[in-house]
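# Inside the fold
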Amino acid sequence: QVQLVESGGGLVQAGGSLRLSCSASGSIFTINRMGWYRQAPGNQRELVAVILSGTKYADSVKGRFTISRDNAKNTVYLQMSSLKPEDTAVYYCNADIIASSRLRNEYWGQGTQVTVSS
């Protein structure tokens with residue numbers, strides 16, 4: 001059983017910073033793409049950032065957010081700086097994982113709330 005567990009969300013003032021972490025555990029053979037998505041109330045879930053060999057960011061977070069990963073720990077991070085109230089959302093970790101059984105699936109974390117006050 002493969003799981004993604006996120007941590008690091010919370011309440012922060014505008015202009016502040018937060019760091020999200022997401023660790024994958026279970027019977028994992030290899031992890032391909034990892035990324036972060038977010039969903040604000042009344043909105044669709046949207047891509048924030050992904051990382052494989054390179055990185056890709058939503059235009060709204062370029063220059064403020066940085067995605068990174070530690071392959072030895074099966075962990076992906078999202079460093080968020082210069083946060084704005086419009087960054088308020090539930091942030092979800094996502095990963096493309098090949099299990100030890102060699103079955104490939106897309107996995108989601110449970111989500112972590114990020115709230116930015118003005």
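Above this note sits the structure.
Now for a description of the structure that goes with this document.

Cut-offs and rules
Residues numbered from 1 in each chain as written. Predicted model: local features only at pLDDT ≥ 70, side-chain atom pairs only at ≥ 80, totals over all residues. Heavy atoms only, no water. Buried < 20%, exposed > 50% of the residue type's maximum accessible area, 1.4 Å probe, protein only. Helix = DSSP H or I, 4+ residues; strand = E, 2+ residues; numbered from the N terminus. Pairing = 2+ DSSP bridges. Disulfide = S-S within 2.5 Å. Core = buried A, V, L, I, M, F, W, Y, C linked by side-chain atoms within 4.5 Å. Contact = heavy atoms within 4.5 Å. Axes fitted to C-alpha atoms, helices over the stretch in contact; angles between N-to-C directions.

## Focus on the pairing of strand β7 (residues 65-70)
Residues in a regular strand point their side chains to alternate faces of the sheet. What you see with β7 is a clean split: F65, I67 and R69 sit on the buried side and T66, S68 and D70 on the side with no burial. Sheet topology places β7 next to strand β8 (residues 75-80); six bridges connect them, and they run antiparallel. Paired with D70 across the bridge in β8 is T75. Counted between consecutive antiparallel strands, the loop separating β7 from β8 contains four residues, among which N74 sits at a positive phi close to 50 degrees.

## Things to note about the state of the cysteines
Structurally, a disulfide amounts to a covalent bond that connects the sulfur atoms of two cysteines. Tallied over the entire structure, the rule returns one disulfide. Each sulfur of the disulfide joining C22 and C93 lies 2.1 Å from the other. One disulfide, between C22 and C93, carries an S-S torsion of -80 degrees and so falls in the left-handed class. With C22 in strand β3 (residues 18-25) and C93 in strand β9 (residues 89-99), this residue pair connects regions lying 71 residues apart in the sequence. Residues C22 and C93 agree in their burial class; the two are buried.

## Structural notes on the nonpolar core
Ranked by internal contacts, the top residues of the largest apolar core, which has 33 residues, are W36, L78, M80, Y91 and I97. Discounting residues that sit within four places of it in the chain, I97 has contacts with V2, L4, A24, I28, T30, I31, L103, R104, N105 and Y107.

## Observations concerning the sheet that holds β7
Taken in spatial order, the four strands make up an open sheet running β1-β3-β8-β7, and their pairing is antiparallel. Looking at which strands have only one partner, the edges of the open sheet turn out to be β1 (3-7) and β7. Each neighbouring strand pair of the sheet contributes to a mean axis angle of 15 degrees, computed without reference to strand direction. Bridging between β3 and β8 involves six bridges; their strand directions are antiparallel. Across the sheet, the residue bridging to C22 is V76, located in β8.

## Structural notes on unusual backbone geometry
Phi angles above zero are rare outside glycine, and N74 is one such case at about 50 degrees. You can see N74 is positioned in the loop between β7 and β8. Take N74: its relative accessible area is 25%, and that puts it in the partly exposed class. Phi at R102 takes a positive value of approximately 75 degrees, unusual for a residue other than glycine. If you trace the backbone, R102 turns up in the loop between β9 and β10 (104-108).

## A few points about the pairing of strand β5 (residues 46-51)
As paired strands, strand β4 (residues 28-39) and β5 are joined by five bridges and run antiparallel to one another. By the bridge assignment for β5, R38 is matched with E46. Linking β4 to β5, which pair antiparallel, is a turn of six residues; within it G42 sits at a positive phi near 80 degrees. Sheet topology places β5 next to strand β6 (residues 55-57); three bridges connect them, and they run antiparallel. Opposite V50, over in β6, you have K56 as the bridge partner. In sequence, β5 turns back onto β6 through a hairpin of three residues.

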